[in-house]
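Commentary on secondary and tertiary structure
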Amino acid sequence: MAMTIDHPRKSSWIPWVFVGAMLIVIAVNAVMVTYALSSFSGLAVDKPYERGVRYNDVLAAQKGQDALGWRVSVNVEAGQLVLRIQDRDGQPLDRVGITGHLERPVSNEATLPLGFTAMGDGRFVARLNTPHPGQWDVKAALRHGDDQYLLVQRIMVPK
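These notes cover the structure that comes with them. (Residues numbered from 1 in each chain as written. Predicted model: local features only at pLDDT ≥ 70, side-chain atom pairs only at ≥ 80, totals over all residues. Heavy atoms only, no water.)

**Notes on the environment of Lys159**
Note the threshold: Helix and strand assignments come from DSSP, with helices taken as H or I runs of at least 4 residues and strands as E runs of at least 2, each series counted from the N terminus. Any residue under 20% of the maximum accessible area for its type is buried, any over 50% is exposed, and the rest in between are partly exposed; the area is computed with a 1.4 Å probe on protein chains only.
As for its position among the elements, Lys159 is in the segment after strand 8 (147-157). A relative accessible area of 93% places Lys159 in the exposed class. Counting along the chain gives 136 residues from Lys159 to Leu23, while the straight-line C-alpha distance between them is 47 Å.

So this is what it looks like as structure tokens:
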């Protein structure tokens, strides 16, 4: 009579490879979901739905602003923000009230107020005290009598 010895199957580890692979996939997905939920939401404005509904108002305001014919140039010169404002005929506008601030695009940093000083000949200067170099958005309201011009301009602040 011959003796038979039962040997365990050598391929019993194969199902565990599939289980391990699925655990790795689940772990990677959990890390990606956690990162996605804790990072930038993609929203650039508050209340985007309401802003979208009022888009025709934005277009009408832009049409009125274009009818003014003002030419506004924005430059960064020697640590200062310089606005040059001209009317439709190319004449400098000197008596303009300006309120504005700087915002860092795609960042939650606080806005930085801008204090403009009239230098004459349609030129207004504000000191730049930005904590970081790089891109900043200038947002300002310019008023001359009953006319209003809303300025939104991206600038590059050097190091």
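**Examining the nonpolar core**
For soluble globular proteins, nonpolar side chains are generally found buried alongside one another. Stated formally: To form a nonpolar core, buried Ala, Val, Leu, Ile, Met, Phe, Trp, Tyr and Cys residues must be joined to one another through side-chain atoms within 4.5 Å. Throughout, a contact is declared for two residues whenever any of their heavy atoms are within 4.5 Å.
Core analysis: the biggest nonpolar cluster contains 24 residues, and Ile85, Ile98, Leu142 and Leu151 have the highest contact counts within it. Of all elements in the fold, only strand 1 (71-77), strand 2 (80-86), strand 3 (97-103), strand 6 (123-127), strand 7 (134-144) and strand 8 reach the threshold of two or more residues within this core. With sequence-adjacent residues up to four places away left out, Leu151 is seen in contact with Val72, Val74, Leu83, Val138, Lys139, Ala140 and Leu142.

**Observations regarding unusual backbone geometry**
Backbone geometry places Ala78, a non-glycine residue, at a positive phi of 50°. Looking at where Ala78 falls in the secondary structure, it is placed in the loop between strand 1 and strand 2. Backbone geometry at Asp121 places phi at a positive 60°, although glycine is not the residue there. As for its placement among the helices and strands, Asp121 is situated in the loop between strand 5 (117-120) and strand 6.

**Quick word on the pairing of strand 3**
Rule in force here: For two strands to count as paired, DSSP must find a minimum of two bridges between them.
Taking every second residue as pointing to the same face, the buried face of strand 3 carries Ile98, Gly100 and Leu102, while none of Gly97, Thr99, His101 and Glu103 on the other face is buried. Where strand 3 meets strand 7, 7 bridges bridge the pair, whose relative direction is antiparallel. Pairing of Ile98 across the sheet is with Leu142, part of strand 7. Across 3 bridges, strand 3 lies against strand 4 (residues 112-114) in antiparallel orientation. Bridge assignment links Gly100 to a residue of strand 4, and that residue is Leu114.

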